[in-house]
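# A closer look at the structure
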2 protein chains.
Amino acid sequence: MGDACGIGPEIIARLFRDPRSAGCVVLGDVEVMRRAAGFIGGMLAVARVDSPADALRAPPNCVPVLQVEGLPADLLAAAPGHVDARAGAAAAACIARAVELALAGEIAALVTAPLHKEALAAAGVGYPGHTEMLQALCAPGREPPPVRMMLANDELRTVLVTIHLSLRRAIDAVTFDAVLQTIRIAQRSALAWGLRAPRIAVAGLNPHAGEGGLFGDEEARIIGPAVAAAHAEGIDARGPFAPDTVFMRARDAAGHPGEFDIVIAMTHDHGLIPVKYLGVAHGVNVTLGLPFVRTSPDHGTAFDIAGTGRADPSSLFAALRMARQLTAQA
Amino acid sequence: MGDACGIGPEIIARLFRDPRSAGCVVLGDVEVMRRAAGFIGGMLAVARVDSPADALRAPPNCVPVLQVEGLPADLLAAAPGHVDARAGAAAAACIARAVELALAGEIAALVTAPLHKEALAAAGVGYPGHTEMLQALCAPGREPPPVRMMLANDELRTVLVTIHLSLRRAIDAVTFDAVLQTIRIAQRSALAWGLRAPRIAVAGLNPHAGEGGLFGDEEARIIGPAVAAAHAEGIDARGPFAPDTVFMRARDAAGHPGEFDIVIAMTHDHGLIPVKYLGVAHGVNVTLGLPFVRTSPDHGTAFDIAGTGRADPSSLFAALRMARQLTAQA
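Okay, so let's go over this structure. (Residues numbered from 1 in each chain as written. Chains lettered and ligands numbered in written order. Predicted model: local features only at pLDDT ≥ 70, side-chain atom pairs only at ≥ 80, totals over all residues. Heavy atoms only, no water.)

### A short note on the interface of chain A and chain B
- Listed per partner, the contact involves 35 residues of chain A and 35 residues of chain B.
- Carbon and sulfur atoms supply 64% of the area that chain A and chain B bury against each other, a total of about 3400 Å² over both sides.
- There are six salt bridges connecting chain A and chain B.
- At the junction of chain A with chain B, the criterion picks out 12 residue pairs in polar contact (both at pLDDT 80 or more).
- Contributing elements (two or more residues each) for the side of chain A that touches chain B: helix H7 (167-173), helix H10 (243-250) and helix H11 (268-277) of chain A.
- For the side of chain A that touches chain B, the leading source of residues is H11 of chain A, giving eight residues.
- Residues that form the side of chain A that touches chain B fall into these classes: 17 nonpolar, 10 polar and eight charged. (Contact = heavy atoms within 4.5 Å. Buried area = accessible area lost by both parts, 1.4 Å probe. Salt bridge = Lys/Arg side-chain N within 4 Å of Asp/Glu carboxyl O. Polar contact = N/O pair within 3.5 Å; in protein donor to acceptor, adjacent residues only side chain to side chain. Helix = DSSP H or I, 4+ residues; strand = E, 2+ residues; numbered from the N terminus. Nonpolar A, V, L, I, M, F, W, Y, C, P; charged D, E, K, R; others polar.)

So this is what it looks like as structure tokens:
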């Protein structure tokens, strides 16, 4: 359900007015979802279910909610558009329940609605966001599994070696181990989606992938050796390729078959610029490295419009569709 | 005409089998163009003209060539697909003639076919490529005008603060002066194309444009102040914006009106990834800062297929179309 004060509940409600929601269950709070159904107007029932399997029997225009236990009693008092510790605590509890169900095989994939970092912090949740929480919950008492962010749409999938660092620090973080681990995570994920022999392109860091050392040596020192090591493990990894053309080459569109299934990008923006270029609503965030498929829309809680019913659910639709694609093939 | 041994002459010949070539004149060698017409086959005459104005009277399926004086006598002995000093010398002479005609107002714009750096060097030409030669020829005996590379297609124009440097050195080259000068060049160029009040977006360098200083401070220290200085000069410059979404926001397509006319990118690949994403043939290289419009296709001499008649002229067509767009509005 995400943060109860953000647009999560109302975009989820919109989802259930569409037949594409069939088979989905909301992990959250029945009353919050009723309020959200009111925000968007129109005919929409909200029903409490006892298990994800029960949600399969939900009729059209009905939101099946698996009530998460232990949510703050006065959660409904948390007002849309505001940072509220109760909403942060509730969001964290929903995620914990989702992980239990995913690890038990009761749900096929997890689509997460937006969190608010400040609300989590106000609730004393020790993780800055979904990804870190999911990593920790998947490996209680153990080292969290390494994960990578993938951004994907119908044409392109990019997996990022580095994310939220200054560009200067990101360059330092492009190490042999980081690149090789990213390739391995991409390979394992793609096999899990059902791709037989994933074609993985690795983008360079520098213009023209260093132009033979003229414009930087990270390709020769770091990225090339990591690609070779992956290749030696039987992974069909190729590169490093010039960043300015590799995404175009991987683009899979009508009349333009993509040369690669996945592109590994060294920096946040090399990878995100091409995926977002055709519009944010088409870009879906996928966390690779977890023991289940997890996708999320590519936007935040949008407190400025929460509660108005005006939020656009298209990125959530895209996240759901991507989750189906990545599991239906498994 | 570009390098006589590359694909330049034959893609130019292809151009003149199309009515879109109307009004164009080739600055080059009549015999080389005759040979190129042979490579592509079909009916195509090659005619010597005495001035660009004469080319306006060329019939369809005729290549009007303004013979450049002083070309190597045995230029035709330079074989397609090979580095040849004669081809390098001839290409440089064609550029020099083109600049004379452009500065005299006899041609409206210059579209350059590909050069080969090694052939230029073999001929003792002291410039690594078109851009440096054009800068010098436009200001004989004076300081060459500062120029910037723009890559453009029908949807997007990006102007680059840095180009052929390692990413690490590019970060160092993002200075207040470099950013402000880029904005000024973009503004002057856009006014010359006929845009009344160019809307110039400036992309940041770091993820999320630094996220308020969390991921780097170049936005606060350098880019923001340069944008403010440009604004104080009356330029409608805005930013710095997050690199991953600013290109998408500027994209001008059916049903998606662009928010900006030009995006200033700090690095080669931030700017080129989105322009090339929809296909190299659609991306045109434009040199801003010269006293005339100059465009070029976004590929090289392709020695591996030169002389076969198989080279794809679509990027040259795009470069011609872009040159017309940028001058017709002036």
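### Notes on the relation of the copies chain A and chain B
- When chain A is fitted to chain B, the residual RMSD is 0.0 Å, and the transformation amounts to a turn of 180° plus an axial shift of 0.0 Å. The superposition of one copy onto the other is thereby described by a two-fold rotation axis. Taking C-alpha positions as reference, the residue of chain A nearest the rotation axis is Pro274 of chain A, located at 2.8 Å.
- With an isologous cut-off of 70% or more, the 100% of interface residues of chain A that recur at the interface of chain B puts this contact in the isologous class. (Least-squares fit on C-alpha atoms with pLDDT ≥ 70 in both.)

### Focus: helix H9 (residues 218-232) of chain B
- Its 15 residues give H9 of chain B an end-to-end C-alpha distance of 20 Å, which sits within 8% of 21 Å, the value for a rise of 1.5 Å per residue.
- At Gly224 of chain B, H9 of chain B shows its maximal bend, which comes to roughly 30°, and the proline Pro225 of chain B appears one to four places after that position.
- For H9 of chain B, the full list of buried residues reads Glu218, Glu219, Ile222, Ile223, Ala226, Val227 and Ala230 of chain B.
- Considering only its buried residues, H9 of chain B is in contact with H7 of chain A together with helix H7 (167-173), helix H8 (176-193), strand E7 (200-203) and strand E8 (237-241) of chain B.
- Gly234 of chain B lies just past H9 of chain B and shows a positive phi near 90°. (Expected span 1.5 Å × (residues − 1). Bend = angle between axes of the 7 residues up to and from the residue. Buried < 20%, exposed > 50% of the residue type's maximum accessible area, 1.4 Å probe, protein only.)

### Overview of the sheet that holds strand E1 (residues 26-28) of chain A
Residues and elements named next belong to chain A.
- Spatially, three strands are ordered E1-E3-E2 in an open sheet, and the strand pairing comes out parallel. In this open sheet, the two edge strands, each paired with only one partner strand, are E1 and strand E2 (45-49). Neighbour-to-neighbour, the strand axes of this sheet turn through a mean angle of 40°, independent of strand direction.
- As paired strands, E2 and strand E3 (residues 62-67) are joined by five bridges and run parallel to one another. Across the sheet, residue Ala47 finds its bridge partner in E3, namely Pro64. (Pairing = 2+ DSSP bridges. Axes fitted to C-alpha atoms, helices over the stretch in contact; angles between N-to-C directions.)

### Concerning the pattern of salt bridges
- Tallied over the entire structure, the rule returns 36 salt bridges over all chains.
- Linking Asp172 of chain B and Arg168 of chain A is a salt bridge whose minimum nitrogen-to-oxygen distance equals 3.2 Å. Note that Asp172 of chain B is positioned in helix H7 and Arg168 of chain A in helix H7, a pairing that runs across two chains.
- Here Lys276 of chain B ties to Asp244 of chain A by a salt bridge, and the two come within 3.0 Å at their closest N and O atoms. Here the residue Lys276 of chain B occupies a position in helix H11 (residues 268-277), and Asp244 of chain A occupies one in helix H10, the pair thus bridging two chains. Both residues of the pair, Lys276 of chain B and Asp244 of chain A, belong to the buried class.
- Salt bridges sharing partners connect three or more residues here, namely Asp74, Asp84 and Arg86 of chain A.

### Some thoughts on the nonpolar core
- Of all hydrophobic cores here, the largest spans 75 residues; its most connected members are Ile183 and Ile264 of chain A together with Ile183 and Ile264 of chain B.
- Counting 59 residues, the second-largest nonpolar core is a separate cluster that includes Val46, Val49, Ala78 and Ala113 of chain A. (Core = buried A, V, L, I, M, F, W, Y, C linked by side-chain atoms within 4.5 Å.)

### Digging into the sheet that holds strand E6 (residues 157-160) of chain B
Residue and element names in this part refer to chain B.
- Spatially, E4-E11-E10-E5-E6-E9-E7-E8 is the arrangement adopted by the eight strands of the open sheet, whose pairing is mixed. Among the strands making up the open sheet, the edge pair consists of strand E4 (109-111) and E8. For this sheet the average axis-to-axis angle between neighbouring strands, irrespective of direction, equals 25°.
- Relative to strand E10 (residues 284-288), strand E5 (residues 148-152) runs antiparallel, the two sharing five bridges. Residue pairing in the sheet places Ala152 in a bridge with Val284 of E10.
- Sheet contacts for H9: E7 and E8; angle to E8, the most-contacted strand, approximately 170°.

### Side note on the pairing of E7 of chain B
Residue and element names in this part refer to chain B.
- Here E7 shows two buried faces, one formed by Ile200 and Val202 and the other by Ala201 and Ala203.
- Sheet analysis places E7 next to E8, joined by three bridges and oriented parallel. Among the inter-strand pairings, Ala203 is bridged to a residue of E8, identified as Phe241.
- In the classification by handedness, the crossover that spans E7, the intervening H9 and the parallel E8 is right-handed.
- Pairing between E7 and strand E9 (residues 262-265): three bridges, direction parallel. Within E9, the residue paired with Ala201 across the bridge is Val263. (Right-handed = clockwise from strand over helix to strand, strands pointing away.)

### A look at the packing of aromatic side chains
- Summed over the entire model, instances satisfying the criterion amount to two aromatic pairs over all chains.
- Over the aromatic face of Phe241 of chain A sits the side chain of Arg249 of chain A, whose NZ or CZ is 4.7 Å from the ring centroid.
- Taking the ring centre of Tyr277 of chain B as reference, the NZ or CZ of Arg251 of chain A above it sits at 5.7 Å. (Phe/Tyr/Trp six-rings, centres within 6.5 Å; stacked < 30°, edge-to-face > 60°. Lys NZ or Arg CZ within 6 Å of the ring centre and 35° of its normal.)

### Focus: the packing of helix H1 (residues 8-15) of chain B against helix H2 (residues 30-40) of chain B
Residues and elements named next belong to chain B.
- One way to put it is that H1 packs onto H2 with a least axis distance of 8 Å and a crossing angle of 70°. Considering the angle they form, H1 stands roughly perpendicular to H2. Each of Pro9, Glu10, Ile12, Ala13 and Arg14 in H1 lies in contact with H2, whose residues at this interface are Val32, Met33, Ala36, Ala37, Phe39 and Ile40.
- Of the residues belonging to the contact of H1 with H2, the class tally is nine nonpolar, no polar and two charged. (Parallel < 35°, antiparallel > 145°, perpendicular 65-115°, else oblique.)

### Remarks on the packing of helix H4 (residues 85-103) of chain B against helix H6 (residues 130-138) of chain B
Residues and elements named next belong to chain B.
- Where H4 contacts H6, the axes come no closer than 10 Å and their chain directions differ by 45°. With respect to each other, H4 and H6 are oriented oblique. Along this stretch, H4 crosses H6, giving a crossing that reads as right-handed. Between H4, through Ala92, Ile95, Ala96, Val99 and Leu103, and H6, the contact on the second element is made entirely by His130, Met133, Leu134, Leu137 and Cys138.
- Residue classes in the contact of H4 with H6 are distributed as nine nonpolar, one polar and no charged. (Left-handed = near helix turned anticlockwise from the far one by under 90°.)

### Focus: the pairing of strand E6 (residues 157-160) of chain A
Residues and elements named next belong to chain A.
- Side chains Arg157 and Val159 of E6 all project onto a buried face; the interleaved residues Thr158 and Leu160 project onto the opposite face, where all are buried too.
- Where strand E5 (residues 148-152) and E6 come together, three bridges link them in antiparallel fashion. The partner of Leu151 across the bridge, within E6, is Thr158.
- Counting the residues between successive antiparallel strands, the hairpin from E5 to E6 contains four residues.
- When E6 meets strand E9 (residues 262-265), the two strands line up parallel, connected through three bridges.

Purely geometric numbers; function is a separate question.
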